Structures are given as C-alpha cells and as structure tokens.
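Residues per chain are reported as follows:
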Amino acid sequence: MTADYCIIGGGIAGTTAAETIRARDPKGSIVLVEREPHRLYSRIVLSKENFFSPHGELPSPWLRSEEWYKRSNIIFRPGHTVSVIDSHDRTITLDDGTSIAYKKLLLALGTEAQKPSGPGDEKGSVSTLRTLDDAYAIRAALPKVARVAVVGSGFIGFEMASIARSIGCTVTLIMRNGQLWNNILHPEGSRILESAMEQRNIRIVKNSRVVEIIGTDSVRALMLDDGTSIPCELALFGIGVSYPTDPFRKAGIATRNGIMVNEFLETNIPGIWAAGDIADIENDSVNHQRGNWSGAQTQGSIAGKNMTGERTKFSMVSAYTTAGAGMTLAFIGNTEHNHTEIRTSAKGSQPSFRQFFIQNGVVVGAILINALPDLGPVTRAIARNTPYTELA
C-alpha cells in the first residue's frame with residue numbers, strides 16, 4: 001500500500017489533519033490508521049455526568065459517520081497499531097503485517113491510560129477511563145454496584161468520584177498524595193474542592209497507595225499500603241497516562257515526554273510531524289496544556305496545513321473546563337511554573353478561587369474554581385503577555 005499522506009491516530013488531531021489535507025489537496029492519497037475499532041468520537045463526553053446517567057437517552061459520542069471517510073476518499077484502517085517504522089525508506093508496518101509506503105507521515109496517536117500493576121490487577125470490575133469501550137463498560141457497571149473506589153487525584157479521579165456519587169454509589173477517593181492535582185493546584189484550591197466532595201459524602205483517603213486488588217473473579221476491596229481495606233464492587237483508576245513512543249524512538253525519532261516537535265510540529269526527521277497529546281513541543285513558551293481537545297484539534301489543522309506546504313506555527317492559549325461536586329473548574333494556559341499567586345473570595349456559601357502562574361512577571365496560566373466568567377478575560381490576558389500587576 002502507498003500513501004501520499006499517512007496518519008497514525010484517528011482521534012481529533014489525526015482526523016482534523018486528514019480533513020485539512022483533503023481540503024488543500026483533493027487528489028493526494030490519505031491513509032488513516034487508528035488503534036481503536038471506532039471512527040472519530042468525542043472524548044469530552046466520556047467523563048461527563050449525562051453520559052453515565054442511567055436516566056434519559058445516552059448522548060451520541062460520534063463525530064464522523066462511516067460515510068464521511070468514503071466521501072472524503074480517506075482509507076480508514078481502524079483496529080490497527082504500528083509495529084515497525086523505517087524512517088529511511090519511509091515505510092511503516094502494521095500489526096497485521098500490512099506495509100505502507102508514505103511520502104509524509106503524521107504521528108497523532110494520543111496517549112494510553114496507565115493501568116494498575118500488582119496483585120489482583122487482572123480481576124473484573126477494575127477499569128481505567130480512556131476509550132469509548134472503557135466508558136461503555138463503566139456505564140453498564142455503575143447501576144449494578146453499591147460501592148465504588150476511585151484512585152487518582154487528577155481530572156479522572158475528581159470527575160468519576162463525583163459522577164459515581166451522583167448516581168447514588170458510596171464513593172471513596174484514594175489519592176497517593178495529600179491533595180487534588182498535587183503538582184499544580186495550590187493547597188487552598190484543593191481544600192475548597194475537598195470540602196465540597198466531603199459535603200456530598202465522598203470519602204477521601206490521602207497519602208495512600210493501592211498494593212492489592214482483593215476478590216475472586218471481580219474486585220471486592222482494595223488493600224492500601226497501611227493495611228486498610230476499602231470495600232468496593234467497582235474500582236476506577238485515573239493514575240496518569242503513558243506515551244506509546246517505542247516504535248518511533250527505535251526509528252530515530254526524538255522522544256522525551258512524547259514525540260518532540262518544534263513550533264511547526266515537525267520532528268527531527270524530515271517528512272514526519274506529530275500532533276495532539278503525543279506531541280511534546282520543545283518551545284516551552286507555548287501556553288498550551290497537553291491532553292486538551294481544542295489544542296489537539298488546532299494542532300491537527302496546523303499539521304495538515306504544514307504537510308501540504310505551509311509554514312504555520314502552533315500558538316494558542318488552551319483551556320480545559322470541568323465540573324464536579326457542585327464546583328466548576330478551568331485550567332488555562334501553562335500551569336507548570338512554580339511561581340503562583342492566588343486570590344480567593346466567597347459569594348454566599350459558594351467560594352471562588354483564582355490561581356495565576358507567573359513567568360518573569362507575566363501571567364502564563366491560571367486555575368479558576370467557581371470563576372468561569374473570568375475564563376475569557378484571563379485567556380486573553382495570557383495571550384497578550386499581561387504582567388500580573390496589571391491583571392484586574
């Protein structure tokens with residue numbers, strides 16, 4: 001098989017790139033390879049309450065029809081992974097032995113959920129949430145269980161603990177660290193969220209690690225490192241992600257925390273680009289959060305343009321919003337800098353919180369709790385390189 005454009009990864013970045021390429025090059029051949037057996041769907045809905053609610057109609061996750069690929073003249077190969085890449089000969093080999101000779105290659109694989117490893121990790125009713133099939137399995141299980149243990153202190157942990165509790169389950173949230181979003185969120189922000197969760201009878205266990213999953217065929221409890229047993233019939237793990245870079249690293253493509261790219265989304269090897277969650281942009285001045293849907297979509301568009309001859313830089317202030325336990329949150333821009341300033345206020349019984357990340361006196365990122373009206377103004381302030389002292 002030959003392709004003018006080969007795209008590995010059929011998520012939002014890869015599909016947007018294919019769509020962009022087709023609009024700019026009506027005749028070029030496009031092969032789109034996706035490891036999941038599904039066409040493009042929305043990952044955003046997979047951790048939202050209405051998707052898991054047993055009441056009402058299940059929201060459709062689909063963003064492209066099967067006809068769309070045919071109509072766009074895109075060869076779509078779902079359910080396949082890359083085994084080998086030869087960047088010198090410009091060929092890739094899929095897991096079924098299919099060889100694809102390409103002229104230009106985009107790597108848009110996304111990430112994979114880290115799975116628990118240890119005694120009992122093969123038992124039923126132990127799940128991560130990354131794929132559509134994961135979400136369907138959890139949705140089917142939740143109404144059948146009374147007790148849920150959620151492991152993790154980030155987005156998945158916060159969202160799924162809140163969702164399981166809203167459905168009526170008894171919920172325990174287990175965190176390896178001492179607070180939510182330990183690496184970036186100020187302790188005051190975590191206290192606000194923890195208080196809201198505890199008011200909804202979500203039990204929080206801090207500074208604890210799961211050492212064993214107990215049960216016969218399915219989980220019955222999680223054993224912690226201090227000997228505490230947490231009873232549950234469903235265990236959900238949100239303990240981070242990994243980047244599937246092995247075949248590409250072996251081909252000489254530079255990797256770090258993903259596949260390294262410049263601002264044009266080019267790797268160190270000519271003719272190969274990367275976009276989406278797997279793209280590790282070398283220029284840390286880009287105020288972008290990885291794992292961000294809108295950012296991945298924008299990168300897919302830019303990669304598609306650059307693969308068809310443009311020289312467009314990726315530059316955007318990305319944001320992610322979520323909600324749980326009656327709280328709204330927004331993570332904006334670059335939240336990896338250590339110098340932060342916080343502002344808190346209370347409106348009646350509903351506290352609000354703003355945390356600003358500052359580099360060389362300039363605001364580069366923010367976390368907002370119960371302050372969504374500030375999302376637009378703060379995003380624009382970051383885009384304008386506004387000094388913190390001038391932030392209203």
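Keep in mind it's a predicted model, so treat the numbers as computed, not measured. (Residues numbered from 1 in each chain as written. Predicted model: local features only at pLDDT ≥ 70, side-chain atom pairs only at ≥ 80, totals over all residues. Heavy atoms only, no water.)

Looking now at the sheet that holds strand β10 (residues 170-174). Pairing between sheet strands relies on hydrogen bonds along the backbone, with the strands arranged either parallel or antiparallel. Sheet architecture is open: 5 strands sit in the order β8-β15-β9-β10-β11, paired in parallel fashion. Either end of the sheet is taken by a strand with one partner, and the two such strands are β8 (126-128) and β11 (202-205). The mean inter-strand angle of the sheet, taken between neighbouring strand axes irrespective of direction, is 20°. Sheet strands in contact with helix α6 (residues 187-199) are β10 and β11, and its direction is about 135° off that of β11. (Pairing = 2+ DSSP bridges. Helix = DSSP H or I, 4+ residues; strand = E, 2+ residues; numbered from the N terminus. Axes fitted to C-alpha atoms, helices over the stretch in contact; angles between N-to-C directions. Contact = heavy atoms within 4.5 Å.)

A few words now on the nonpolar core. Of all hydrophobic cores here, the largest spans 51 residues; its most connected members are I8, I85, I92, L105, L106 and L107. Ignoring anything within four residues of it in the chain, the contact list for L105 reads C6, I8, I85, I92, G271, I272, W273 and M307. In this structure, A141, V148, M160 and A325 belong to the second largest nonpolar core, which totals 42 residues. (Core = buried A, V, L, I, M, F, W, Y, C linked by side-chain atoms within 4.5 Å. Buried < 20%, exposed > 50% of the residue type's maximum accessible area, 1.4 Å probe, protein only.)

This part takes up the packing of aromatic side chains. Summed over all chains, the structure comprises 11 aromatic pairs. On the basis of an interplanar angle of 25° and a centroid distance of 5.9 Å, the ring pair of F51 and Y136 is categorised as stacked. Here F51, found in helix α2 (residues 49-52), pairs with Y136, found in helix α4 (residues 132-141); they are 85 residues apart in sequence, far enough to count as distant. According to the relative accessible area criterion, Y136 is partly exposed, its value standing at 30%. When the ring of F356 is compared with that of Y388, the centres are 5.8 Å apart and the planes differ by 55°; the resulting orientation is tilted. Of this pair, F356 sits in strand β24 (residues 350-359) while Y388 is found in the segment after α9 (375-383), placing the two residues 32 residues apart along the sequence. Taking relative accessible area as the criterion, F356 reaches 2% and is therefore assigned buried. Look at Y388 and you get buried, because its relative accessible area is 16%. Following the ring pairs from residue to residue traces out a cluster consisting of F155, F158, W181, Y320 and F331. Lying over the aromatic face of W68, R64 brings its terminal NZ or CZ to 5.1 Å of the ring centre. (Phe/Tyr/Trp six-rings, centres within 6.5 Å; stacked < 30°, edge-to-face > 60°. Lys NZ or Arg CZ within 6 Å of the ring centre and 35° of its normal.)

Here we come to the pairing of β11. Bridge analysis of β10 against β11 gives 4 bridges, and the strand direction is parallel. The residue of β11 that forms the bridge with T172 is R203. In this fold, the crossover linking β10 to β11 by way of α6 has right-handed handedness. (Right-handed = clockwise from strand over helix to strand, strands pointing away.)

The first and last C-alpha atoms of helix α5 (residues 155-167) sit 18 Å apart over 13 residues, in line with the 18 Å expected at 1.5 Å per residue. If you check which residues of α5 are buried, you get G157, F158, E159, M160, A161, S162, I163 and A164. At the exit of α5 stands G168, carrying a positive phi of roughly 115°. (Expected span 1.5 Å × (residues − 1).)

Positionally, T131 belongs in the loop between β8 and α4. The buried category is assigned to T131, whose relative accessible area is 18%. Considering only alpha carbons, one finds T131 and S42, 89 residues apart in sequence, at a separation of 9.9 Å. Ignoring sequence-local partners within four residues, the contact set of T131 consists of E36, Y41, R43 and L46.

Here we take up the sheet that holds strand β13 (residues 219-224). Here 3 strands make up an open sheet; going across it, the order is β12-β13-β14 and the pairing antiparallel. Each edge of the open sheet carries a strand with a single partner, namely β12 (210-215) and β14 (229-231). Direction aside, the axes of adjacent strands within the sheet are offset by 25° on average.

Pairing analysis gives 4 bridges linking strand β4 (residues 82-86) to strand β5 (residues 91-94), with the strands arranged antiparallel. Within β5, the position partnered with I85 by the bridge is I92. Hairpin geometry of β4 and β5 is characterised by an intervening segment of 4 residues between the two adjacent antiparallel strands and by a positive phi of about 55° at R90.

For P116, the position within the fold is in the loop between β7 (112-113) and β8. A relative accessible area of 18% places P116 in the buried class. Put simply, P116 and D374 are 258 residues apart on the chain and 37 Å apart in space, counted from C-alpha to C-alpha. Apart from the residues within four sequence positions on either side, P116 is in contact with D121, V126, T128, F237 and I239.

Once that is clear, we can look at unusual backbone geometry. One non-glycine residue, N73, lies in positive phi territory at about 55°. Here N73 lies in the loop between α3 (66-71) and β3 (74-78). Positive phi values are uncommon outside glycine, yet L265 reaches one of about 70°. Along the chain, L265 turns up in the loop between β18 (258-261) and β19 (272-274). The exposure class of L265 is buried, given its relative accessible area of 0%.

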